[in-house]
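Observations on chain architecture
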Amino acid sequence: MRSALHRGEELLFARVAIRLSEAVRVRLFALVAAGADDDGQPGGDGDGPAVLASIRSDPGNVSLNTMLTEIAKLEAVRAVGLSAGVFADIAPKVVAAWRARAAVEAPSHLRGHAPEVTLALLAALLHCREREITDTLVELLISTVHRINARAEVRVTKELIKEFKRVTGKENLLFRVAEATVNAGDQLVRDTVFPVAPQAVLADLIAEFKSSGPTYQRTVKATLKGSYTTTTGLG
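Note that this is a predicted model, so its numbers are computed, not measured.

Secondary structure assignment for the protein yields 11 helices and zero strands. Taken from the N to the C terminus, the helices and strands of the protein come in the order α-α-α-α-α-α-α-α-α-α-α. For the protein, the share of sequence-separated contacts (at least 6 apart) that also reach a separation of at least 24 residues comes to 68%. With an accessible surface of roughly 14,300 Å², the protein has 57% of that area assigned to carbon and sulfur atoms.

Tallied over the entire structure, the rule returns two aromatic pairs. Note on Phe13 and Trp98: the rings are 4.7 Å apart at their centroids and 35° apart in plane angle, and the pair reads as tilted. In this pair, Phe13 is assigned in helix 1 (residues 2-18) and Trp98 in helix 5 (residues 92-104), connecting sequence segments 85 residues apart. With respect to class, Phe13 is no different from Trp98; both count as buried. Of the aromatic side chains, those joined through ring pairs into one cluster are Phe13, Phe87 and Trp98.

This model, assessed by the stated rule, comprises eight salt bridges. Across the pair Glu10 and Arg7 runs a salt bridge, and its minimum N-O distance is 3.5 Å. Taken together, the residues Glu10 and Arg7, both in helix 1 and three residues apart, mark about one turn of the helix. We classify Glu10 as partly exposed; its relative accessible area is 35%. Bridged by salt links that share partners, the residues Arg15, Arg19 and Asp89 form one connected network.

So, on to the packing of helix 3 (residues 48-56) against helix 4 (residues 64-80). Interhelical geometry of helix 3 versus helix 4 gives an angle of 120° and a closest axis separation of 9 Å. Here helix 4 runs oblique to helix 3, going by the angle between their axes. The handedness of the crossing between helix 3 and helix 4 is left-handed. Residue-level contacts link Val51, Ser54 and Ile55 of helix 3 to Lys73, Ala76 and Val77 of helix 4. Each residue belonging to the contact of helix 3 with helix 4 can be placed in one class, and the counts come to four nonpolar, one polar and one charged.

Given a rise of 1.5 Å per residue, 17 residues ought to cover 24 Å, and the 24 Å separating the end C-alpha atoms of helix 1 matches this to within 8%. Those residues of helix 1 not exposed but buried are Leu12, Phe13, Val16 and Ala17. For helix 1, the buried positions fall inside an angular range of 135° around the axis, keeping them on one side. Counted as exposed and oriented over 90 degrees from the buried face of helix 1: Ser3, Ala4 and Ile18.

Time to look at a nonpolar patch on the surface. A cluster of nonpolar side chains, contributed by Leu64, Leu68 and Ile71, occupies part of the molecular surface with about 230 Å² of accessible area. Relative to the elements of secondary structure, Leu68 occurs in helix 4.

This next bit is on the side chain of Arg99. Relative to the elements of secondary structure, Arg99 occurs in helix 5. A distance of 2.9 Å separates a polar atom in the side chain of Arg99 from a polar atom in the side chain of Glu132. Residues in contact with Arg99, not counting those within four places in the same chain, are Ala124, Leu125, Cys128, Arg129 and Glu132.

Ranked by internal contacts, the top residues of the largest apolar core, which has 35 residues, are Leu28, Phe87 and Trp98. Contributions of two or more residues to this core are made by helix 1, helix 2 (22-30), helix 3, helix 4, helix 5 and helix 7 (115-161). Per-element accounting of this core gives the leading share, 12 residues, to helix 7. Excluding residues that lie within four positions of it along the chain, Phe87 makes contacts with Val16, Arg19, Val95, Trp98, Ala120, Ala123, Ala124 and His127.

Another point: the environment of Thr134. For Thr134, the position within the fold is in helix 7. Those residues within four positions of Thr134 in sequence are excluded, and the remaining contacts are Leu74 and Arg78.

This prediction gives the protein a mean pLDDT of 77; 60% of its residues lie at or above 70. Residue range residues 36-46 is modelled with pLDDT below 50. Its contacts to residues more than four positions away, or to other chains, number 18 contacts.

Reading the values: the criteria
- Throughout, a residue's number is its position along its own chain's written sequence, starting from 1.
- Where totals are concerned, whole chains, interfaces and linings use all residues; where local detail is concerned, this predicted model gives features only for residues with pLDDT of at least 70, and gives and counts side-chain atom pairs only at 80 or more.
- Only hydrogens and water are set aside; all other atoms, that is, all heavy atoms of the structure, feed into the side-chain values.
- Runs of H or I in DSSP of at least four residues are treated as helices and runs of E of at least two as strands, each being numbered from the N terminus.
- Residue contacts are defined here by distance: any two heavy atoms, one from each residue, within 4.5 Å place the two residues in contact.
- The Shrake-Rupley method, run with a 1.4 Å probe, gives the accessible areas here. Residue values count only the displayed protein chains as cover.
- Aromatic rings from Phe, Tyr and Trp, with only the six-membered ring used for Trp, were paired whenever their centres fell within 6.5 Å, and each pair was classed as stacked if the ring planes differed by under 30 degrees, edge-to-face if by over 60, and tilted otherwise.
- Using a 1.4 Å probe on the protein chains alone, a residue whose accessible area is under 20% of its type maximum counts as buried, one over 50% counts as exposed, and one in between counts as partly exposed.
- One speaks of a salt bridge when a side-chain nitrogen belonging to Lys or Arg is within 4 Å of a carboxyl oxygen belonging to Asp or Glu.
- Only the stretch in contact is used when a helix axis is fitted, and all axes are lines through C-alpha atoms; the angle between N-to-C directions ranges over 0 to 180 degrees.
- Geometric relationships in this document are graded by angle, where less than 35 degrees denotes roughly parallel, more than 145 denotes roughly antiparallel, 65 to 115 denotes roughly perpendicular, and other angles denote oblique.
- Should the near helix be turned anticlockwise from the far one by less than a right angle, the crossing is left-handed, and should it be turned clockwise, the crossing is right-handed.
- Amino acids outside the nonpolar list (Ala, Val, Leu, Ile, Met, Phe, Trp, Tyr, Cys, Pro) and the charged list (Asp, Glu, Lys, Arg) are all regarded as polar, and Gly is one of them.
- Take the number of residues in a helix, subtract one, and multiply by 1.5 Å to get its expected span.
- Directions from the helix axis toward the C-beta atoms define the arc.
- Like-charged residues are merged into a patch within 9 Å and nonpolar side chains (Val, Leu, Ile, Met, Phe, Trp, Tyr) within 5 Å, provided each residue has over 30% relative accessible area and no salt bridge.
- Polar contact is the term for a pair of N or O atoms within 3.5 Å; when the atoms are in protein, one must be able to donate a hydrogen and the other to accept it, and sequence-neighboring residues count only if both atoms are side-chain atoms.
- Working definition of a nonpolar core: buried Ala, Val, Leu, Ile, Met, Phe, Trp, Tyr and Cys residues. They are joined through side-chain atoms within 4.5 Å.
- Known as pLDDT, the predictor's per-residue confidence is scaled from 0 to 100.

Spelled out as structure tokens, the structure:
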């Protein structure tokens, strides 16, 4: 049975390898080359194993630099040029097992396999990593937006809290102001309203409204937009 499974896997390796164009084969072999320069390899820096190590690496903490690193990984994977249907009739579990092997084997070990095996393992790794890196980028983008939003709210809250002083009995105060205003006729504000609600109390009431009402939300959105533009470098 083991012999039959081994033979079946060899047939799958050969099936995948034959689907790869010559250009794709060159780029895949360049990923495990023994320090040889190759203009066709992804990254174009003459260091295929370093590109492979980057592709296999885990993402860092949520930051703009991490997003740029993951984008570079995705570009390196796509630069190889694997076709979408290279694993069309290969069971996902088989592809996942090949991806796991390619993720842990050193370039020298990958080089030591038969060419069909090396090509299939590397193709499986890149096929899976393209999806994984794409998912990581989506998660990083969402986390970055949430972080920017949280920082914007904290910044605005700190700015408004300096002016904020909670006013007790607001409903009763507003009723008294309204009543005094209605009964004031043509009298001046300082003669009718200020005796009921001193100017300082009204200033506190305005500050409280700004810290929790529409003004607060507009300020947060403006700060968020400014933070996002600064973080991403987009105008």
